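# Structural description and commentary
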Amino acid sequence: MRIGLIGKGAIAQYVSNAVQARGHSVCAVLVRSGSVSQNPELFVDSVSNLTANTELVIDCAGHRALEEYGPQILACGLDLVTVSIGALADQRVADALASAAREGGAKLHLASGAIGALDCLSAAATGKLEKVTYVGRKPPLGWMGSPAADKLHLEALTIAETHFKGTAREAALRFPKNANVAAAVALAGLGFDQTQVRLIADPSITRNIHEIEAEGDFGQFHFQISGNSLPDNPRSSALAAMSVVSKLEQISSPVVL
Ligand SMILES: NC(=O)C1=CN([C@@H]2O[C@H](COP(=O)(O)OP(=O)(O)OC[C@H]3O[C@@H](n4cnc5c(N)ncnc54)[C@H](OP(=O)(O)O)[C@@H]3O)[C@@H](O)[C@H]2O)C=CC1
Ligand SMILES: O=C([O-])CC(=O)C(=O)O
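Residues numbered from 1 in each chain as written. Chains lettered and ligands numbered in written order. Predicted model: local features only at pLDDT ≥ 70, side-chain atom pairs only at ≥ 80, totals over all residues. Heavy atoms only, no water.

## Some words on the packing of aromatic side chains
Threshold: Note on aromatic contacts: the rings of Phe and Tyr and the six-membered ring of Trp form a pair at centre separations within 6.5 Å, being stacked when their planes are under 30 degrees apart, edge-to-face when over 60 apart, and tilted otherwise. Only DSSP runs of H or I with at least four residues qualify as helices, and only runs of E with at least two residues qualify as strands; both kinds are numbered from the N terminus onward. Three exposure classes are used, based on accessible area relative to the maximum for each residue type with a 1.4 Å probe and protein chains only: buried under 20%, partly exposed in between, and exposed over 50%. Put simply, a charge is over a ring when the Lys NZ or the Arg CZ is close to the ring centre, within 6 Å, and near the line of the ring normal, within 35 degrees.
The final tally for this structure, using the stated rule, is three aromatic pairs. A ring pair is formed by Phe 164 and Phe 175, whose centres lie 5.7 Å apart and whose planes are at 70°; its orientation type is edge-to-face. You can see Phe 164 sitting in strand β8 (residues 161-167) and its partner Phe 175 sitting in the loop between α7 (168-174) and α8 (180-188), a full eleven residues away along the chain. Residue classification places Phe 164 among the buried residues on the basis of a relative accessible area of 4%. A connected cluster of aromatic rings, assembled from ring pairs, spans Trp 143, Phe 164 and Phe 175. For the cation-ring pair, Lys 138 lies above Trp 143, with the distance from its terminal atom to the ring centre recorded as 5.6 Å.

## A closer look at the site of ligand 2
Short version of the rule: Think of it this way: one heavy atom of a residue within 4 Å of a molecule or strand is enough to make that residue near it. We define a polar contact as two N or O atoms separated by no more than 3.5 Å, with the added condition that, inside protein, one atom must be a possible hydrogen donor and the other a possible acceptor, whereas residues neighbouring each other in sequence contribute only through side-chain atom pairs. We get accessible surface area from the Shrake-Rupley algorithm with a probe of 1.4 Å; when it comes to residues, only the shown protein chains can shield them. In this count, Pro and Cys sit with the nonpolar residues alongside Ala, Val, Leu, Ile, Met, Phe, Trp and Tyr, while Asp, Glu, Lys and Arg are called charged and the others, Gly among them, polar.
The environment of ligand 2 is made up of Ala 114, Lys 138, Lys 177, Asn 178, Ala 179, Asn 180, Val 181, Asn 208, His 210, Arg 235, Ser 236 and Ser 237. Between ligand 2 and Lys 177 there is a distance of 3.3 Å, counted from an oxygen atom to a backbone nitrogen or oxygen. Within the side chain of His 210, one N or O atom sits 2.7 Å away from an oxygen atom of ligand 2. The protein chains hide 94% of the 270 Å² of surface that ligand 2 would expose on its own. When residues of the shell around ligand 2 are traced back to their parent elements, those giving at least two are α8, β10 (208-216) and β13 (233-237). Considering every element that reaches the shell around ligand 2, the biggest residue donor is β13, with three residues. Here the shell around ligand 2 is composed, by residue class, of three nonpolar, six polar and three charged.

Listed below in structure tokens is the structure:
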């Protein structure tokens, strides 16, 4: 497939290499205007230049970019894969994306990101789901630049500290670079307002640990993953980038898991 990418950060670079290794081509990358000169052959600064020669767009640039560019891409009929799933916690953004997708006859594909077990959760949600809790735990460095830094002295932390307790909606909106997983759990299960979230900075760990506890008519499950972060960004787990590649494989395959 001819792919257009949004963003040139840690996830975008991983995805770009992985999709090209699988025989797809990256024909344009949407970046901020000031960055186009870094690679004028590939980098563009408008949606129309991104979509001109593209069959599918992949967003790896975060909430603001999905909000800003997503509706125009979908409205022109191109499918869009996004890893910035927490942007959907803002109902206005979710509605704009859904109505643009309907208008363009396109689909917004949500990559599962740094978590697993969403298949189990969404099946369980078709029955009665009683309770879903998500706990996100990262080393202090992974919370730098987030509101956790206003509550905790992250560089000097010696024990694990919970810095946020609330709903998945509040978590996704307040931590756009750290709580996309909370949004994925919410969308698969009980929704943004019924999913309970705790976020923890933990100096005793070196990986990003994500846990889901769920109970309902299906029974009970506990899922935990310890994800390696990407070399270029301690906030982002490698699995988040891998989930984008896997979503592309599903889209381009005749048989879908
Ligand atoms: N679903 C999940 O489990 C996860 C989702 N994520 C989401 O993915 C996003 C990207 O992660 P990651 O690659 O690690 O982050 P990085 O900070 O490494 O990269 C972000 C990239 O997006 C670009 N960008 C941001 N806003 C815009 C914009 N408006 N227009 C054009 N480019 C833009 C940045 O450009 P510049 O450098 O010029 O600012 C940068 O190239 C995160 O912000 C987060 O929302 C992350 C981890 C897990
Ligand atoms: O990459 C991770 O481990 C999780 C993350 O940042 C997010 O949920 O936004």
